[in-house]
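Results of the structural survey
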Amino acid sequence: MTKRRLRSAGSILNLEDFAALARRRLPRAFAAYVSGGAGDGLSLAAAREAFARWCFVPRVLRGTHDRSSRARILGRDYAMPIGISALGASAVLAYDGDIAMARAAFEAGVPYQLSANSITPLEEVIAVNPHAWFAAYFPADRSTIDGVLARLARAGFGTLVITADVPVAAFREPETRAGYAMPFRFAPRILMDIVLSPRWFVGTALRTFFRRGVPHIANIAATRGPHVFTRDIGQIGGADRFTWEDIRHIRAQWKGRLVLKGILSPEDARQAAQDGVDAVIVSSHGGRLSDCMIAPLDALPEIRAACPDLTILLDGGVRRAGDALKAIALGADGVFIGRPFFFAAAAGGEAGIGHALRLLAREMDRELAFLGLLTPLEARDNRLRRRETPGTAP
């Protein structure tokens, strides 16, 4: 397959550069869906700001010629400790976005999570990335749970991520004001956005419709779920009756690696480890649920102290390879990034995602050299310091 080149690659020098390009191509409501947070955006901002409070003390003349960005996570070697997080609307933002992300991640050798709220059947995704992880939303219904587990096992998924932090539907004001809603409705505002976004309409919406018909939420259940225009779609998501008892039931049924996402407290991390979970993802769901949550990076040290032997990953606020190293220094084994990859997909499809991953790989290589680190794990070598804030005494 010949890949389309990203024509604007020369002007995209970091992950944040993708956002402006994607916003020019996407309907305004979809851009707001990706970028928006809950409430006043405090949790969203806090996740990013937490990284600015830390800096490294570098070491020199260590001979870093043989440095390596490679990392081992849940028994598998990856090219770097940075992966692509799950977002259900990937194939709405970019044509075949789920396939594009899965394939780009596989070729780059990094972890990738497919969301249960995606429109591409999971069987097609695992075919292009046999190492893909599946990020599930489960109700407190054992028949639904067992049906999904059986489907995942048949397809060949080896890592299941349970999204534990969405007991009720989220409400994000920016996307609501912009007209985004599920089930999807052709309100006048949306229609105007589509008219003003011809590249997205022709290159993504029409291509998707002609190839797959009306998009369905393909992976929320053992069979294909509802289409994006039906009222039943409002029932998709977590459930407030889903509890640790369900986690224990899943652990007894699921033979692969089990990951719990949405952990911010040491007590929950300890409970997860006690119930046989293989890893947790410290995450505030991108600041998309509540505006009253601790930043994932701030929660990380206590969680690592509570569970010294558990695989701990972080999702939230990571935008640079240096951010990933800071998270590793504070106890993470690796990190996931969400929004920038979805903007990269909207801006350039698989080529855009590949470019984003290469930017991160180059950043990681440079940061290791400049900080005098031979591997990302050496970031834990007591060289992280709190950065002084303006106006404080030295």
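Criteria and cut-off values
- Residues numbered from 1 in each chain as written.
- Predicted model: local features only at pLDDT ≥ 70, side-chain atom pairs only at ≥ 80, totals over all residues.
- Heavy atoms only, no water.
- UniProt positions renumbered as here; feature names shortened; annotations may be inferred.
- Helix = DSSP H or I, 4+ residues; strand = E, 2+ residues; numbered from the N terminus.
- Buried < 20%, exposed > 50% of the residue type's maximum accessible area, 1.4 Å probe, protein only.
- Contact = heavy atoms within 4.5 Å.
- Core = buried A, V, L, I, M, F, W, Y, C linked by side-chain atoms within 4.5 Å.
- Pairing = 2+ DSSP bridges.
- Right-handed = clockwise from strand over helix to strand, strands pointing away.
- Phe/Tyr/Trp six-rings, centres within 6.5 Å; stacked < 30°, edge-to-face > 60°.
- Lys NZ or Arg CZ within 6 Å of the ring centre and 35° of its normal.
- Arc of directions from axis to C-beta.
- Axes fitted to C-alpha atoms, helices over the stretch in contact; angles between N-to-C directions.
- Parallel < 35°, antiparallel > 145°, perpendicular 65-115°, else oblique.
- Left-handed = near helix turned anticlockwise from the far one by under 90°.
- Nonpolar A, V, L, I, M, F, W, Y, C, P; charged D, E, K, R; others polar.
- Salt bridge = Lys/Arg side-chain N within 4 Å of Asp/Glu carboxyl O.

The name given to the protein in an unreviewed UniProt entry is Alpha-hydroxy acid oxidase, with the source organism recorded as Brytella acorum. Entered under Cofactor (unreviewed entry) in the UniProt record, the comment concerning the protein runs "FMN". In its Sequence similarities (unreviewed entry) section, the UniProt entry covering the protein states "Belongs to the FMN-dependent alpha-hydroxy acid dehydrogenase family."

When the UniProt feature table is mapped to this numbering, "binding site: glyoxylate" (unreviewed entry) covers Tyr33, Tyr137, Arg172, His285 and Arg288. Inspection of the secondary structure puts Tyr33 in helix H2 (residues 28-35). Overall, Tyr33 belongs to the buried group, its relative accessible area being 12%. Setting aside chain neighbours within four positions, we find Tyr33 in contact with Leu87, Ala89, Arg172, Glu175, Tyr180 and Arg288. Mapped onto the elements, His285 comes out in the loop between strand E9 (279-283) and helix H13 (296-306).

Let's shift gears to the nonpolar core. Of all hydrophobic cores here, the largest spans 115 residues; its most connected members are Phe18, Phe134, Phe138, Leu160 and Ile250. It is helix H15 (residues 339-371) that contributes the most residues to this core, 16 residues altogether. Aside from chain neighbours lying at most four places away, what touches Leu160 is Phe134, Ala136, Phe138, Leu149, Leu152, Ile250, Trp254, Arg257, Leu258 and Val259. Counting residues in each nonpolar core, the second largest holds 11 residues, with Trp133, Ala135, Val161 and Ile281 among its members.

Glancing now at the pairing of E9. For E9, the tally of buried residues reaches five of five residues, placing the bulk of the element in the interior. Bridge count for E9 against strand E10 (residues 311-315) is five bridges, and the pairing is parallel. Note that in E10 the partner of Val282 across the bridge is Leu314. Crossover E9 to E10 through H13 is right-handed.

Here we come to the packing of aromatic side chains. Ring pairs (aromatic) are described by centroid distance and by the angle formed between their planes. Here the structure, examined in full by the defined rule, presents seven aromatic pairs. Centroid distance Tyr33 to Tyr180: 4.5 Å. Interplanar angle 20°. Geometry classified as stacked. With Tyr33 in helix H2 and Tyr180 in the loop between helix H8 (173-178) and helix H9 (188-195), this pair connects stretches of sequence that are 147 residues apart. These aromatic residues form a ring-pair network of at least three members: Phe30, Tyr33, Tyr180 and Trp200. The ring of Tyr95 carries the charged tip of Arg207 above its face, separated from the ring centre by 3.7 Å. Looking at Arg288, its charged tip hangs above the ring of Tyr33, at a distance of 4.8 Å from the centre.

What follows concerns helix H12 (residues 266-274). Here H12 has its buried residues at Pro266, Ala269 and Ala272. For H12, the arc enclosing every buried residue in end-on projection is 120°, short of the 170-degree limit, so these residues lie on one face. Counted as exposed and oriented over 90 degrees from the buried face of H12: Glu267 and Gln274. Phi turns positive, to about 90°, at Gly276, one or two residues after H12.

H15 packs onto helix H5 (residues 97-108) with a crossing angle of 20° between their chain directions and a minimal axis gap of 9 Å. Here H15 runs roughly parallel to H5, going by the angle between their axes. Once H5 is placed against H15, the crossing between them reads as left-handed. Across from Ala100, Met101, Arg103, Ala104, Ala105, Glu107 and Ala108 in H5, the residues of H15 making contact are Phe341, Phe342, Ala345, Gly349, Glu350, Ile353, Gly354 and Leu357. In the contact of H5 with H15, the residues fall into 10 nonpolar, two polar and three charged.

Take the pairing of E10 next. In terms of burial, E10 is a largely internal element, five of the five residues being buried. Burial along E10 is two-sided: the face carrying Thr311, Leu313 and Asp315 and the face carrying Ile312 and Leu314 are both buried.

Bringing the sheet that holds E9 into the picture now. Across the sheet, which stays open at both edges, the eight strands sit in the order E4-E11-E10-E9-E8-E7-E6-E5 with parallel pairing between neighbours. Unpaired on one side and paired on the other, strand E4 (82-84) and strand E5 (113-115) mark the two borders of the sheet. Recorded for the sheet is a direction-independent mean angle of 25° between the axes of neighbouring strands. Where E10 and strand E11 (residues 334-337) come together, three bridges link them in parallel fashion. When the bridges of E11 are listed, Leu314 appears paired with Val335.

As a further point, take the environment of Ala164. Positionally, Ala164 belongs in the loop between strand E7 (159-163) and H8. If we skip the residues at most four places from it in the chain, Ala164 touches Leu260 and Lys261.

Pairing between side chains becomes possible if they bear opposite charge and their charged atoms approach one another. Counting across every chain of the model gives 22 salt bridges. With a shortest N-O distance of 2.8 Å, Arg172 and Glu175 are connected by a salt bridge. A relative accessible area of 11% places Arg172 in the buried class. The closest approach of N and O atoms between Glu245 and Arg248, which form a salt bridge, is 2.8 Å. One end of the pair is Glu245 and the other is Arg248, both in helix H11 (residues 244-253) and three residues apart, which spans about a single turn. When salt bridges that share partners are traced, they join Asp96, Glu124, Arg211 and Arg212 into one network.

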